[in-house]
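# Coordinates in review
Listed below are the residues making up each chain.
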Amino acid sequence: MPVRKKPKRADYLSFDALTLEAICNRYGIAYANVRYFSPILVRENECLLVDSKSETARKAFIYLDDESLFLKEVPWYCRTEELMSAKYEFVDFLTRREFPCAQLVSTIDGSPNVDMGDFAFELWKVVPGASYAYRPEEQYSAGKTLGNLHVLSSQFPVTREPESVPQLALGFIDLVRSARGDSRFFVHELASLEAKTRTICSELQLPASTMDQVITVHGNYTPWNLAFKDGEVVGVFDFDNVAVDSPMHDVAEGLLGFCAMNYEGTSTNFAAEPPRSFNWNGVERFIAGYATVRDLAADDLRILRGYLKLVWIEFACLGMVRGDYGLEVLDQIEDLMLDIDRGTL
Amino acid sequence: MNGNPTERGQVRLASHTVAVASGKGGVGKSTVALNLAATWAAAGAAVGLFDVDVYGPSLPTLVGIAERATVHEGRIIPFRKFGLTLVSFGFLTLPGRPLMVRGPMLEGALRHLIDLVQWPQLDYMVLDLPPGAGEVHAEMLALVHLEGCVIVTTPQEVAVSDVRRSLRLFSRVGLSVLGFVENMSWIECPNCETRFELFPAGGASRLSADSGVPVVGRIPLSTPIAESGDTGVPAVLDPTMPQVRDLFRDICSNIDDRLSSSFGGSAQPAT
C-alpha cells in the first residue's frame, strides 16, 4: 500500500441511480428487486451507519429479499492490477480452504469487480455476526483465527516484494510532515520520532533478504475487520491492505487493535485519548489463541516487540493525518513504547 | 414495512402524523417539535418523535441521549424518554459525523430506517424535518402518510421569505399546512414584564394573510426555553415554566382543531 495522503472525499455514500443500476446489471441483480440501497448495517446487537467506517471509498449495503451485500469502491491505494490481483487471488485461496473470510461476488461474466473507468467496484456478501465487544474470548479467538490465516498463508506463493512494517512506519512519519500543515511547529518532535523509528528498525536486525521469512499478510487485522458470534470469529473481511511481510505484521496490528487502541465507539477512528498501556491479559489471550495453531518461532518473538512499536508509530501517525489525534500525541507516543518494553511477550 | 400502507404505498406511522418544518435553520424547529410532542404525551397520548434531519440530527442533544440505538431480533428498539418514542439518525452514528447521502442512498436510508424500527402503536407522530425544502422532504412526503405540517418561523422577512418556498413545495405535493408557529416573537423584561419585539413584527401574520393558513402559536425568545435544548429536558416539562407549558398546550390544541376540521376525525388522544 503506498503511504500517501488520501484524496479528500465527502461523497463516499453517494451513488446516482444510473451507476447503481449499471452495477446491478453487471451482477445480474434486477434493480427493481433491490429492497434498499442503504448506508445502514444491522448486525446482531447493533445498528451501524457505514459512515463509522473508513471514508476512503464509496460504499453501500444492497438489501435483497434473501441476502445482504456490501458494495464497495476499490480504494485508491490498491487500485492497481498487481494489488487487486494479489487481493483476489489471496481471498480465493483462503475461501477454497474454508477460511471464514468474506466472500467476493463475481459479475455475471466472472470478473471480480466492475471497472467503470475512473472507479472500480467490488461486491461482497455481508458477513453476519457482531462487532468486537472487548470480550476475553474474542481476543483469544481473534488470535487463533490469525494463526489459522498464517498457516494457510504460508502455503500461498509469495510473488511480490515485501512491504514491511518498518517501511510503513517511516512512510507515515513523512505523511504527517506533508499532510499536516501545522507539523512545521513540531519539526523537532517529528525528527526525534523518525530517529527513534530508525533505531527500532536497526535493532530489529532484519536480514537483507527476507523473502524466505515472509508470507502474505492481511495487513489490516483490526477489530473492526472481524465479525464475532458467541465470542468466536465468524468472519474476516477487508483485504485491501494485503501485503507481503513477516507474520508479525498482523500479530502486532492485532495486539495493538485488540489490546491497546482506544476507538471512537465501533468506528475505525481512534478516540482522542491515545493509549498509554496494553491490556497485557488480552495480549496473553491473543497470543495463546495464535499459538494453538501456529508456533511463534524465536525469530518471530525477537521482532514482535519492535513491530509493536513500529505499528504504534504507524497508528499514531495515521491518527494525526486523519485528525483523530492532535500533534500533541507526539509527546505521548513514548508512554506506550515504555509499556511495550515492560510487558511480557 | 411497519403500519398499514395507504393506497399510495405510504406508511402510516400513527393515527396522526404531523411534520414540523422551517424555511431556514436556527429558528427553533426541533425545539418546537420536541415540545409539541411532549405536550401531546403529557395529555396522555402515545407520541413518537422522528428526527429525520439526516444532515444535522439534533434530537440526541435535545433529549440528552448519548447512547447508540440497540437492536433486538433485527429490529431497532426506539428510545423511550419523557413518555415519547424517539427515533433519529443521530442514534445510529457518532456525534458530529456528517452523513452525506443523496439520491437512491438517501431514499434507502429513510425507508430502511422506517422499516427497521419497532414502532409501537402511536396516536401522534411528530416528524422533525430538516430546514428548507429539499430531497429529504420530497422522500419523506413520498414514504410517509402525513396529515399536515406545521411551519416554524421567526418574525423577520428573511425567515418569512424562505417559508414561502416551503409553502410552495407542500402545496405542490398536496400536503396541508396546518399552521405557522412564530418563534422568538418577543422578549419579556425579567424585571417589569414588558414585552419587546426584537424583530420587525408580524412575519407570521403576513404569511397567514397571504396564504390563508392560520398562526397556531407564538413563542417568546426565552433563556429557559433556549437552555432546555442543552439540558436535555423539554421546556414544557419544567415545572418552573408553566407559561411555556400553557403556550404549547394552546398550540397543540389549535393543531388538533385543524386536524379535526381538515380530516373530519377526532384529533384527541385515542388512549
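All residue numbers refer to position in the chain's written sequence, counted from 1. Going through the entries in the order they are written, you letter the chains from A and number the ligands from 1. Per-residue local features of the predicted model are confined to residues with pLDDT of at least 70, and side-chain atom pairs are confined, for both listing and counting, to 80 or more; whole-chain, interface and lining totals are unaffected and use all residues. Remark: hydrogens and water are excluded; side-chain values derive from all non-hydrogen atoms of the structure.

Another aspect to go through is the nonpolar core. By size, the foremost hydrophobic cluster in this structure holds 108 residues, and its most contacted members are B:Phe50, B:Met140 and B:Phe170. The greatest single-element share of this core, amounting to 8 residues, is contributed by helix H1 (residues 29-42) of chain B. When checking whether two residues touch, look at their non-hydrogen atoms; a contact exists if any pair is within 4.5 Å. In contact with B:Phe170, other than residues within four places in its own chain, are B:Ala21, B:Leu129, B:His137, B:Leu141, B:Cys149, B:Ile151, B:Leu175 and B:Val177. Remark: nonpolar core denotes a set of buried residues (Ala, Val, Leu, Ile, Met, Phe, Trp, Tyr, Cys) joined through side-chain atoms within 4.5 Å. Type-normalised accessible area, obtained with a 1.4 Å probe on protein chains alone, sets the label of each residue: buried when under 20%, exposed when over 50%, and partly exposed for intermediate values. Of all hydrophobic cores here, the second largest spans 81 residues; its members include A:Phe99, A:Val251, A:Leu308 and A:Met337. Secondary structure elements are taken from DSSP: a helix is a run of H or I of four residues or more, a strand is a run of E of two residues or more, and numbering for both begins at the N terminus.

A separate point is the sheet that holds strand E5 (residues 79-81) of chain B. Residue and element names in this part refer to chain B. Taken in spatial order, the 8 strands line up as E5-E6-E2-E7-E1-E8-E9-E12 in an open sheet, and their pairing is mixed. The sheet terminates laterally at E5 and strand E12 (215-218), the two strands that pair on one side only. Across this sheet, the average inter-strand angle for adjacent strands is 25°, counted without regard to direction. Two strands pair under a simple rule: DSSP has to find at least two bridges between them. Bridge analysis of strand E1 (residues 16-22) against strand E8 (residues 148-153) gives 5 bridges, and the strand direction is parallel. In this analysis, axes come from line fits to C-alpha atoms, helices being fitted only over the stretch in contact, and the angle between any two N-to-C directions falls in the range 0 to 180 degrees.

Turning our attention to the pairing of strand E9 (residues 177-182) of chain B. Residues and elements named next belong to chain B. Within E9, 6 of the 6 residues are buried, which leaves the element mostly enclosed by the surrounding structure. As judged from the 5 bridges shared by E8 and E9, these two strands associate in the parallel manner. Following the sheet pairing, Thr-153 is matched in E9 by Glu-182. A crossover links E8 with its parallel partner E9, the connecting element being helix H5 (residues 157-172), and its sense is right-handed. A clockwise path from the first strand over the helix to the second, with the strands pointing away from the viewer, defines a right-handed crossover.

This part is about the interface of chain B and chain A. Taken together, the 23 residues of chain B in the interface contact 36 residues of chain A. Between chain B and chain A lies a buried interface of about 2,400 Å² when both sides are counted; carbon and sulfur atoms form 60% of it. In terms of surface lost to chain A, no three residues of chain B exceed B:Arg97, B:Met105 and B:His112, which account for 28% of the buried area on that side. Salt bridges are defined by distance alone: a side-chain nitrogen of Lys or Arg within 4 Å of a carboxyl oxygen of Asp or Glu. The tally of links between chain B and chain A comes to 0 salt bridges. N or O atoms closer than or at 3.5 Å make up a polar contact, with two conditions inside protein: a donor-capable atom paired with an acceptor-capable one, and, for residues adjacent in sequence, both atoms drawn from side chains. Counting every contact that joins chain B to chain A gives 3 residue pairs in polar contact (both at pLDDT 80 or more). Buried area: the sum, over both parts, of the accessible surface (1.4 Å probe) that disappears when the two are put together.

Here we come to the pattern of salt bridges. Residue and element names in this part refer to chain A. Tallied over the full model, the rule gives 30 salt bridges over all chains. With a closest N to O distance of 2.8 Å, Glu-194 and Arg-177 form a salt bridge. A residue pair is termed long-range when its members are at least 10 positions apart, and Glu-194 in helix H5 (residues 187-204) and Arg-177 in helix H4 (residues 165-179) qualify at 17 residues. Taken together, the shared-partner salt bridges connect Lys-72, Lys-87, Glu-122, Asp-238 and Asp-240 into one network.

This part takes up the packing of helix H2 (residues 81-96) of chain A against helix H3 (residues 136-153) of chain A. Axis angle and axis distance: for two packed helices, these are the angle between their axes and the distance between the axes, and together they describe the pair. Residue and element names in this part refer to chain A. Following both chains from N to C, one finds H2 and H3 inclined at 105°, their axes separated by 11 Å at the closest point. Classified by the interaxial angle, the pair formed by H2 and H3 is roughly perpendicular. Contacts between H2 and H3 involve Phe-90, Phe-93 and Leu-94 from the former and Leu-149, Leu-152 and Ser-153 from the latter. Any angle that falls under 35 degrees is termed roughly parallel, while one over 145 is termed roughly antiparallel, one within 65 to 115 roughly perpendicular, and all others oblique.

Okay, the packing of aromatic side chains next. Residue and element names in this part refer to chain A. Paired rings are identified among Phe, Tyr and Trp, the last through its six-membered ring, by centres lying within 6.5 Å, and are further divided according to the angle between planes into stacked (under 30 degrees), edge-to-face (over 60) and tilted (the rest). For the structure shown, the criterion picks out 25 aromatic pairs over all chains. Plain terms: the ring middles of Phe-119 and Phe-121 are 6.4 Å apart, the flat faces sit at 40° to each other, and that makes the pair tilted. A relative accessible area of 29% means that Phe-119 is categorised as partly exposed. Note on Tyr-221 and Phe-258: the rings are 6.4 Å apart at their centroids and 45° apart in plane angle, and the pair reads as tilted. Here Tyr-221 is found in the loop between strand E9 (215-217) and strand E10 (226-229), whereas its partner Phe-258 is found in helix H6 (residues 248-259), with 37 residues between them in sequence. Summarising the burial analysis for this pair, Tyr-221 and Phe-258 share the class buried. Joined through ring pairs, the aromatic side chains of Tyr-132, Tyr-134, Tyr-221, Trp-224, Phe-228, Phe-258, Tyr-263, Phe-270, Phe-286, Phe-315 and Tyr-325 make up one cluster. In this analysis the charged atom, NZ for Lys or CZ for Arg, is taken to sit over a ring once it is within 6 Å of the ring centre and within 35 degrees of the ring normal. Taking the ring centre of Phe-15 as reference, the NZ or CZ of Arg-58 above it sits at 5.4 Å. We note Arg-97 situated over the ring of Phe-93; from NZ or CZ to the ring centre the distance is 3.7 Å.

A word on the side chain of B:Thr17. By secondary structure assignment, the location of B:Thr17 is in strand E1. Apart from residues lying up to four places away in sequence, B:Thr17 is in contact with B:Met125, B:Leu127, B:Val144, B:His145, B:Leu146, B:Glu147 and B:Gly148.

With that out of the way, let us pick up the packing of helix H3 (residues 103-116) of chain B against helix H4 (residues 135-143) of chain B. Residue and element names in this part refer to chain B. At a minimum axis distance of 10 Å, the contact between H3 and H4 shows a crossing angle of 45°. Classified by the interaxial angle, the pair formed by H3 and H4 is oblique. Handedness of the H3/H4 crossing: right-handed. For the pair H3 and H4, contact is made by Gly-103, Leu-106, Glu-107, Leu-110, Arg-111 and Ile-114 and by Glu-135, Val-136, Glu-139, Met-140 and Leu-143, respectively. Note on convention: the crossing is left-handed when the near helix lies turned anticlockwise from the far helix by less than a right angle, right-handed when the turn is clockwise.

Before going further, it helps to examine helix H7 (residues 280-291) of chain A. Residues and elements named next belong to chain A. In a helix, the anticipated span is given by 1.5 Å times the number of residues less one. With 12 residues, H7 extends 16 Å between its outermost C-alpha atoms, agreeing within 8% with the 16 Å of an ideal straight helix rising 1.5 Å per residue. Of all the residues in H7, the buried ones are Gly-282, Val-283, Phe-286, Ile-287, Gly-289 and Tyr-290. End-on, the buried residues of H7 take up no more than an arc of 155°, which puts them together on one face. H7 presents Asn-281 and Glu-284 as exposed residues on the side facing more than 90 degrees away from its buried surface. Arc definition: directions from the helix axis to the C-beta atoms.

What follows covers the side chain of A:Ser131. All names here are of chain A. Within the secondary structure, Ser-131 is located in the loop between strand E8 (120-125) and H3. A distance of 2.3 Å separates polar atoms of two side chains, one belonging to Ser-131 and the other to Glu-46. Beyond its immediate sequence surroundings of up to four residues, Ser-131 is in contact with Arg-43, Asn-45, Glu-46, Leu-48, Glu-138, Trp-224, Phe-228 and Thr-266.

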